[in-house]
Amino acid sequence: AHRTRARDYRREPVVRIEFAGERAALEWLDWHRPNLMAVLRSCARRAMHRAVWQLVDAMWPLFLRMRYVEDRLEAQTLAVAAARADGDKFAEGSLLLSLSDALALNDRQAEAAERCDQAQRVYASLGFDRGLAQAYNGRAKLHLRVGEWDEAEEQFHTALELRERIGYRRGVALTYQGLGKVAAARG
């Protein structure tokens, strides 16, 4: 369900690589992770902002499935700064939410909450309700993690209203799942 962004940093490869499936592609990413991180750092040092955030977006499946926590935190931090420098607000909002998730997985809840709040402000300024709903949903999950049931429920309901209004059925279902977790936690 991850919506990838444009990839204008790409060039046609000298040798085209075909993968037998998702697993093979993920294994390739995993094998080349140290090189990809080196390229990412090099692009960041050279202020190649668009390449930085687009590469991190392309590496999302690797971070999601393989759980390289330190690399993910570094990459997401570089990507947020790069998207801001590039002036791409949509990428900035998305990457702020990814960084928030990475911070939460590292028990850095306050920082994670601030990134969600920043994403809310970015998406609100764009009038992008789908992103705004994602930010509210992310904030709700942070409240849920620390047992703040009322706050979680309030944020989930805001996300639900937005998702129902725009007709995002999968998002509605995910938000109901979050509300179910709040109800279960309350007994």
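All values reported here derive from a predicted model rather than from experimental measurement.

Caption draft 1: Up close: the confidence of the model for the chain. For the chain, mean pLDDT is 91; residues scoring 70 or higher make up 93% of the total. Of all helices and strands in the chain, the one with the weakest mean pLDDT is helix H4 (residues 60-66) (84), whereas helix H9 (residues 149-166) scores best (97).

Caption draft 2: Here's a closer look at the pattern of salt bridges. Evaluation of the coordinates by the stated rule reveals 13 salt bridges. For Arg165, the salt bridge goes to Asp129, with nearest N and O atoms at 2.6 Å. With a gap of 36 residues between them, Arg165 in helix H9 and Asp129 in helix H8 (residues 129-145) connect regions that are remote in the sequence. For Arg165, a relative accessible area of 57% corresponds to the exposed category. Linking Asp150 and Arg186 is a salt bridge whose minimum nitrogen-to-oxygen distance equals 2.4 Å. Of this pair, Asp150 sits in helix H9 while Arg186 sits in the segment after helix H10 (169-185); the two residues are 36 residues apart in sequence, bridging distant segments of the chain. Each of Arg84, Lys89 and Glu92 takes part in salt bridges that share partners, so that together they form one network.

Caption draft 3: Region of the structure containing H8. For H8, built from 17 residues, the straight-helix expectation of 24 Å at 1.5 Å per residue is met to within 8% by its first-to-last C-alpha distance of 24 Å. Looking at the buried side of H8, the elements it contacts are helix H6 (89-105), helix H7 (109-126), H9 and H10. One or two residues past the end of H8 sits Gly147, with phi positive at roughly 80°.

Cut-offs used in this document
- Residues numbered from 1 in each chain as written.
- Predicted model: local features only at pLDDT ≥ 70, side-chain atom pairs only at ≥ 80, totals over all residues.
- Heavy atoms only, no water.
- pLDDT = per-residue confidence, 0-100.
- Helix = DSSP H or I, 4+ residues; strand = E, 2+ residues; numbered from the N terminus.
- Salt bridge = Lys/Arg side-chain N within 4 Å of Asp/Glu carboxyl O.
- Buried < 20%, exposed > 50% of the residue type's maximum accessible area, 1.4 Å probe, protein only.
- Expected span 1.5 Å × (residues − 1).
- Contact = heavy atoms within 4.5 Å.

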